[in-house]
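As a plain string of letters, each chain reads:
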Amino acid sequence: MMQQEIIDQFSSLSEGKLTTQEWLSWFSDHQDDVEKICGRTAFLKIKPKESFSGVRNLYIGQLGAFDWLKSLKINVDFSDLYKKGWEREFDDFCKAEKQKEIQLQKDVEHKFGYLKDYYPKFFGQLTKSYSNSDVIEAGIQQDFIPNIEKELSIKLPDDLITWYRNVSVLKLEGLEINCNELSVETIQKKQYLVLGEFWLYGDGDQLLYSLETQNIYIFAHENAPPKVIKIASSLSDLIEKKIVFYLKEYES
């Protein structure tokens with residue numbers, strides 16, 4: 001391929017005369033020649049990206065082609081056709097994402113609206129960060145509470161009962177609280193309820209509840225030595241403050 005053929009094709013691209021299929025097909029057939037004649041840097045600027053849409057590849061290819069032509073002091077018109085097409089596509093994408101967000105809020109309201117009465121901040125954050133990979137299962141019946149207490153030989157505190165009556169299983173990224181896996185463990189000579197896992201300091205960190213103080217702790221097992229770290233003064237603070245803050249950080 002001669003340089004003039006590339007100049008002609010790049011000029012047509014700069015002037016907005018090529019369709020997506022025409023440009024992608026031509027580039028696929030001649031990319032080795034483009035890299036050889038234009039150089040590696042220009043080639044990478046022009047080369048279509050697999051993750052980009054057709055009109056976006058037209059636009060970035062146009063920008064790269066126009067710059068290369070300018071480097072040869074070749075003057076061509078620069079059409080805004082592809083730019084406008086990409087802007088319309090991006091605007092449509094943003095509208096679709098906004099619609100998904102609105103629908104998500106409706107779904108969360110429908111599924112978990114009852115949480116507003118007990119955990120309003122947690123519920124509010126769910127409307128922003130809940131995804132289909134998250135698991136929130138409805139609470140257990142009151143008559144199931146004595147079974148848990150009998151199995152563990154303890155009296156469940158009121159705040160835990162309230163939580164389990166509303167949410168039996170909570171699985172978010174790096175966090176799991178499951179009443180079906182509640183256990184009692186002695187860690188560093190103190191007894192705790194193991195509510196689940198909360199990976200604040202390392203994968204697999206246990207989430208602990210002190211029956212004595214009702215404080216919430218993390219067992220940072222990867223510390224040297226392993227350490228029990230207080231993260232909340234109550235279960236309510238855990239749900240309404242610590243977990244809400246965690247979800248906000250994860251969301252950003």
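Predicted, not measured: the structure shown is a model, and the values here were computed from it. (Residues numbered from 1 in each chain as written. Predicted model: local features only at pLDDT ≥ 70, side-chain atom pairs only at ≥ 80, totals over all residues. Heavy atoms only, no water.)

Residue P225 follows A224 across a cis peptide bond; omega there is 0°. Its place among the elements puts P225 in the loop between β7 (216–220) and β8 (227–232). Of note in this structure, S153 is not a glycine but carries a positive phi near 60°. Its place among the elements puts S153 in the loop between α7 (145–152) and α8 (158–166). We classify S153 as exposed; its relative accessible area is 67%. The backbone of K189 sits at a positive phi, close to 70°, despite the residue not being glycine. Inspection of the secondary structure puts K189 in the loop between β4 (183–187) and β5 (190–198). Its relative accessible area of 82% is what places K189 among the exposed residues. (Helix = DSSP H or I, 4+ residues; strand = E, 2+ residues; numbered from the N terminus. Buried < 20%, exposed > 50% of the residue type's maximum accessible area, 1.4 Å probe, protein only.)

Okay, the nonpolar core next. Residues F122, W163, L195 and L238 are the most contacted members of the largest nonpolar core, which totals 43 residues. With seven residues, the single largest contributor to this core is helix α9 (residues 235–251). Among all residues touching F122, those that are not within four sequence positions of it are L115, W163, L170, I239, E240, I243, V244 and L247. With 21 residues, the next largest nonpolar core counts I7, F10, W26 and C38 among its residues. (Core = buried A, V, L, I, M, F, W, Y, C linked by side-chain atoms within 4.5 Å. Contact = heavy atoms within 4.5 Å.)

All right, on to the pattern of salt bridges then. This structure, assessed with the given rule, holds eleven salt bridges. One salt bridge connects K95 with D91, and the closest N-O pair in it is separated by 3.3 Å. With K95 and D91 both in helix α5 (residues 81–112), this residue pair falls four residues apart, about one helical turn. Classification of D91 by relative accessible area gives partly exposed; the value is 37%. One salt bridge connects D237 with K241, and the closest N-O pair in it is separated by 3.7 Å. Of this pair, D237 and K241 both sit in helix α9, four residues apart, which is roughly one turn of the helix. When its relative accessible area of 23% is taken as the criterion, D237 is described as partly exposed. (Salt bridge = Lys/Arg side-chain N within 4 Å of Asp/Glu carboxyl O.)

All right, on to α5 then. A rise of 1.5 Å per residue sets the reference length of α5, with its 32 residues, at 46 Å; its end C-alpha atoms lie 46 Å apart and thus fit the reference within 8%. For α5, the secondary structure elements touched by its buried residues are α1 (3–14), α4 (54–71), α6 (120–129) and β1 (135–138). (Expected span 1.5 Å × (residues − 1).)

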